[in-house]
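# Overview (structure and organization)
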Amino acid sequence: MALGASHRLQDGIEAVETMTRFALAVLALASGVYTYLGVRSILDGSATSVFFAALIYSSAVSVAIYAFWTYMARFYPHVTGAAGRGAMLGVMALGCAMIIAMSSWLNAAALAGSAALEQHLAETMEGYTADLDQAHQNALAAQSLLPDIQRTQERFQRLADQERETGALTGTTGAGSVVQLLSQMAAQLTELQNNITASRDRVTTLFDDGRKHLETMRSLVSAPGAIDPRADQFAAEVVQLSGVITSLEQTSIAPSVKRAADDLSLGFIAPVADGQAADLATRQDQVMETIRSSVGAQSKVLSQAADEILARKPVAERRFVPLSSAEAVLRYASDFIPSWAGAISIDLLPAVLIFMLSIVHSALRRQEQRLPFAERITAAELLEALEVQKALVASGIDVETALAAVEAKDQSNIASFDLSGKGPRK
């Protein structure tokens, strides 16, 4: 039965030999086709030069893959020593690494290049969305100062009205130096308030423009069709959006608020008391000094608030880098593991076939070693042995006596006639 099993294994090896060559050829051809598509995506030049360059490269890859796996299938299963088997495994590992380097990543680019480029555009759009939001927040930060400025302006204006009508501060009604000073401070704060309000309109307009560019970019990412024209239009939208973000950064009113707050105290000029009576003039000086202190305190508060706004982290400069499909597949490899697995499997599947052949040949050798010598000898070898026997008898040598002597001398020497290295043949 062992001999029958050996014959069946040997017949199976012979039967799949043609199929193995056909499979290697088809896999090498498939890898070459996808390599051609990947190479075309990264080459520049005229259509003719790109076509021939990609065709020559893909043909070389197909031939190299077919030759490599053919050599491995021919030699690896028959190497039995541990050192030789280890050396062959090392050669196989080196060859697999070279195949992945020259073919598999291009296959992945052909399989998932468009999706990887869309991924790149989507992540770039997310980054610019965050930049637009941050620039918008920085530009609107000064708007938080508007209620305080408005409240202070109303307080100064109210005190001016009360002093004019009832003499609430100096005890004397009329539009004197105190009313003039309070009205002056209220006018400065009103001007600052108007500037902040005007900047809000400008910021709103710029932010709306930025959102329109983002909407266009979002539609380009998800639109059907070829990716290259969409990527070019996407780059144009990025340039315009970058200009909007820069304008938003420069539209911030915080530096103006800072300067205005410093001017309130540093540029404070109190008018000369215009009271006719000495007592009224003294009261006016006292009130104006109080106003100076109040203006200084308010100026300090506004200046600190403006400093906090100016201390905000500015929007970092972002530059859009266009990628080829092959570069995008490498950068976002973790997002396209199935495509990478398919691309690598096309190139390395022959290794599985070679290991299968190696296992079958090992089983065949073990079965042959367990067979007796009489079951392993073929008819041709038997006829040759009979011819040798006839020749020995013709020479006057008694074969049975010689064999008996040899067996008596060293029984183990009989193994020298064992042709265990040969497989069973019909």
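Now for a description of the structure that goes with this document. (Residues numbered from 1 in each chain as written. Predicted model: local features only at pLDDT ≥ 70, side-chain atom pairs only at ≥ 80, totals over all residues. Heavy atoms only, no water.)

## Here we look at the pattern of salt bridges
As enumerated under the stated definition, the model contains 5 salt bridges in all. Residue Asp208 is joined to Arg211 by a salt bridge in which the shortest nitrogen-to-oxygen separation is 2.7 Å. With a gap of 3 residues between them, Asp208 and Arg211 both fall in helix H5 (residues 177–222), about one helical turn apart. A residue is classified by how much of its surface remains accessible, and Asp208, at 29% relative accessible area, is partly exposed. Salt bridges sharing common partners tie together Glu17, Arg21 and Arg74. (Salt bridge = Lys/Arg side-chain N within 4 Å of Asp/Glu carboxyl O. Helix = DSSP H or I, 4+ residues; strand = E, 2+ residues; numbered from the N terminus. Buried < 20%, exposed > 50% of the residue type's maximum accessible area, 1.4 Å probe, protein only.)

## Points about the packing of helix H3 (residues 82–140) against helix H6 (residues 227–251)
In the contact formed by H3 and H6, the axes pass within 10 Å of each other and the chain directions differ by 10°. When the axis of H3 is compared with that of H6, the two are roughly parallel. The two elements H3 and H6 cross, and the hand of that crossing is left-handed. Residues that form the contact of H3 with H6 fall into these classes: 15 nonpolar, 5 polar and 5 charged. (Axes fitted to C-alpha atoms, helices over the stretch in contact; angles between N-to-C directions. Parallel < 35°, antiparallel > 145°, perpendicular 65-115°, else oblique. Left-handed = near helix turned anticlockwise from the far one by under 90°. Nonpolar A, V, L, I, M, F, W, Y, C, P; charged D, E, K, R; others polar.)

## As for the packing of aromatic side chains
In this structure the tally under the stated criterion is 6 aromatic pairs. With a centroid separation of 5.2 Å and 75° between ring planes, the pair formed by Phe51 and Phe52 is classed as edge-to-face. With relative accessibility at 35%, the residue Phe51 sits in the partly exposed group. Assessed through its relative accessible area of 46%, Phe52 is described here as partly exposed. (Phe/Tyr/Trp six-rings, centres within 6.5 Å; stacked < 30°, edge-to-face > 60°.)

## Considering the environment of Gly32
Tracing the sequence through the fold places Gly32 in helix H1 (residues 2–40). It is 4.7 Å that separates the C-alpha atoms of Gly32 and Ser58, two residues lying 26 residues apart in sequence. Excluding anything up to four places from it in sequence, Gly32 contacts Ser58 and Ser62. (Contact = heavy atoms within 4.5 Å.)

## Here's the deal with the side chain of Ser58
Along the chain, the position of Ser58 falls in helix H2 (residues 47–75). Among the residues examined, Ser58 registers a relative accessible area of 6% and is labelled buried. Polar contacts involving the side chain of Ser58 include one to the main-chain carbonyl oxygen of Leu55, which spans 3.0 Å. Excluding its chain neighbours within four sequence positions, the residues that come into contact with Ser58 are Gly32, Thr35 and Tyr36. (Polar contact = N/O pair within 3.5 Å; in protein donor to acceptor, adjacent residues only side chain to side chain.)

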